[in-house]
Structure formats: structure tokens, C-alpha cells
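Structural overview for review
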Amino acid sequence: MIKPIIVGNWKLNGTQESIKIFLNLLNKFLVNYHEKCTVVISLPILYAYLIRNTLLFDNKNFFLGAQNTDNHNSGSFTGEISPIMLKDLGIKYVIIGHSERRFNHNETNRMIANKFFLLKKENLIPILCIGETKQEKLENNTINICKKQIDSIFDICGIQAFNDSIIAYEPVWAIGSEISATPKEAQFIARFIRQYIVSRTNDRIKNFFIQYGGSVTRKNAKNLIKQKDIDGFLLGRSSLQIEEFTKIIEIIHV
Ligand code: 13P
């Protein structure tokens, strides 16, 4: 079995105080999980310095993540943060294409592909979020939507794009809801994603991972991670509570 990768996407949550408490507890917990799991926390980026102040920064299986990047490296783009800046800060993983950014910030597949391109150029690891809305699911369009979202990356970044990268399958209807995809549904799409990428990459893909995200909790984590093509999780709410987050890390090793 490959080493699972768990990413906490904290979205717009946390204060200096709450983050310090969380990180200190996580640090104690991770002492026993050095070799078993890769853990990434994508916190609001202005708080990244708090991670530098904890021992977590020395844990070789713990990484700092970002929730977004701009699709330029520098210039007149007020309010943005670039891949080069993220790298400068010691960040390794960067979430892009989250549905909350696609919908709330009108991000297109092309913009997201440009971000992917720049991240790869800086040797950062993109976590590309893809997935269908409820309506698209009802219309049996899941595969088409995912394929389009993946194709736009191939178009801009070439056939080797997905080496050293992650795709997070996050059905939009499962995010922030009480309904997760069933393990069978998640596996079906994860398998499609893997087969499609392998077929377009001529079998030469390396260090490519598929995560599932959308209402993962301690209750459903075990059955989801058992699925052959699911290599880890992208967690929202469950990554905000230290008990729930560490419980999920424990569960996936049993
Ligand atoms: P929830 O786990 O809260 O459903 O959020 C998932 C998500 O959006 C992670 O990126």
C-alpha cells in the first residue's frame, strides 16, 4: 500500500491562538506517525509563520500547504499571492481549482491550468480539485465534467503534467454537506481518473495520487480509504477539530 496523504483545507477559519493550540497537539500526535502518513495543513496563508514556530516544520512527513495561488508569478495583481512567493515561504502543496474558487471567484479551467503550469515550474505539488455539481450528477455527466477538467491541464501543461501531482475528486454536492459519496461511487470515479491519466501519459506516470474529498469523517474514512484507487483525503470540516483530524489519521492505518 502506498503511504496515504491527508490534507486539511482550513478554508477561511482560525486565529493565531486557535492555530497555535491545534499545531502543538498535532505535533505531539504525529511523533508516532512519522513514517506512516503524509500530512499537509493548508491554513490561511498569512498564518504560515505559526508552523515555522512549531517543531512540525522539522517533521519530514508534515508539510505546509496553500489553498490557492495566482496564475502569475509577479506584477500588478493586487491582493494575489504567487507560486514563487509560496515556494519562498516553504510551502510544498498547493490546492487549486477548489469548487469554492471556481464558483465564488469565477475561475475557469484555463485559469486553473495556468496555475498548475506555474506550480510545476516551481516544483510545487498541485492538488487539483475536480468534481461535478449535483445537477451534473443527476444528468449523468460526472465523467464528462472530470474529463474536461483534466483535459484542460493536459492542453496547457503537456502529457507529463500529472507526474508529481495530486487530483482530489471532490463532488461539489458532497462538500460542506452531510452526504459523502459512497465508497463505491468514489472508487468508480477515482478509477476512471487513474485510468484516463495513465492512458494519456503512456503509462509513464510517477508520484501521482488521487484523493477523495467531501464530508469525510471518522465514520466513513475507513471504507473510503479501503478503495483501491483512493490514496488519501482532502478534508474540510474534519481538519478543523484536532480530535477528528487525528482520529481519521489513525483510522486509515488500521
Ligand atoms: P468538507 O470536508 O467540509 O465537506 O469539505 C471538503 C472540502 O471542500 C475540502 O477541500
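First, a word on what this report is: a plain description of the structure on this page. This one's a predicted model, so the numbers in the text were calculated from it and none came from an experiment.

Let us look at the sheet that holds strand S1 (residues 5–9). As summarised here, the arrangement of the eight strands in space is S1-S2-S3-S4-S5-S6-S7-S8, forming a closed barrel in which the pairing is parallel. Between one strand axis and the next, the sheet turns through 25° on average, direction left out of account. Pairing geometry for strand S2 (residues 38–42) and strand S3 (residues 62–66), over four bridges, is parallel. From the neighbouring strand, Val39 faces S3, where its bridge partner is Phe62.

Look at Lys11: it is not a glycine, yet its phi comes out positive at around 50°. Topologically, Lys11 is positioned in the loop between S1 and helix H1 (16–30). Positive phi is not limited to glycine here, since Ser215 has a value of about 60°. Examined against the element boundaries, Ser215 turns out to sit in the loop between strand S7 (208–213) and helix H9 (221–225). Among the residues examined, Ser215 registers a relative accessible area of 12% and is labelled buried.

Moving on to helix H7 (residues 142–157). The terminal C-alpha atoms of H7 lie 23 Å apart, and with 16 residues this matches the ideal 22 Å at 1.5 Å per residue to within 8%. All of the buried residues in H7 are Thr142, Ile145, Cys146, Gln149, Ile150, Asp151, Ser152, Ile153 and Phe154. Looking at the buried residues of H7, the elements they touch are helix H4 (99–104), helix H5 (109–121), strand S5 (125–130), helix H6 (134–138), strand S6 (165–169) and helix H8 (183–200). Immediately downstream of H7, the backbone of Gly158 shows phi near 85°, a positive value.

On to the pattern of salt bridges, then. A full pass over the atoms with the stated rule returns 13 salt bridges. Close ionic contact of Glu244 with Arg218 constitutes a salt bridge, the shortest N to O distance being 2.8 Å. With Glu244 in helix H10 (residues 242–251) and Arg218 in the loop between S7 and H9, the pair connects residues that are 26 residues apart, well separated along the chain. Look at Glu244 and you get buried, because its relative accessible area is 16%. Between Glu250 and Lys247 there is a salt bridge, with the nearest N and O atoms lying 3.7 Å from each other. Here Lys247 and Glu250 lie together in helix H10, a separation of three residues that amounts to about one turn. Judged by relative accessible area, which is 32%, Glu250 ranks as partly exposed. Salt bridges sharing common partners tie together Arg101, Glu107 and Lys115.

With that settled, consider the packing of H5 against H7. Packed helix pairs are characterised by how far apart their axes lie and by the angle those axes make with each other. Between H5 and H7, the shortest axis-to-axis distance is 9 Å and the interhelical angle comes to 50°. Considered as vectors, H5 and H7 are oriented oblique to each other. By crossing handedness, the relation of H5 to H7 is classed as right-handed. For the pair H5 and H7, the contacting residues are Asn109, Arg110, Ile112, Ala113, Asn114, Phe116 and Phe117 in the first and Lys148, Gln149, Ser152, Ile153, Ile156 and Cys157 in the second. Tallied by class, residues from the contact of H5 with H7 come to seven nonpolar, four polar and two charged.

Reading the values: the criteria
Residues numbered from 1 in each chain as written. Predicted model: local features only at pLDDT ≥ 70, side-chain atom pairs only at ≥ 80, totals over all residues. Heavy atoms only, no water. Pairing = 2+ DSSP bridges. Helix = DSSP H or I, 4+ residues; strand = E, 2+ residues; numbered from the N terminus. Axes fitted to C-alpha atoms, helices over the stretch in contact; angles between N-to-C directions. Buried < 20%, exposed > 50% of the residue type's maximum accessible area, 1.4 Å probe, protein only. Expected span 1.5 Å × (residues − 1). Contact = heavy atoms within 4.5 Å. Salt bridge = Lys/Arg side-chain N within 4 Å of Asp/Glu carboxyl O. Parallel < 35°, antiparallel > 145°, perpendicular 65-115°, else oblique. Left-handed = near helix turned anticlockwise from the far one by under 90°. Nonpolar A, V, L, I, M, F, W, Y, C, P; charged D, E, K, R; others polar.

Purely spatial values, then, with no claim about function.
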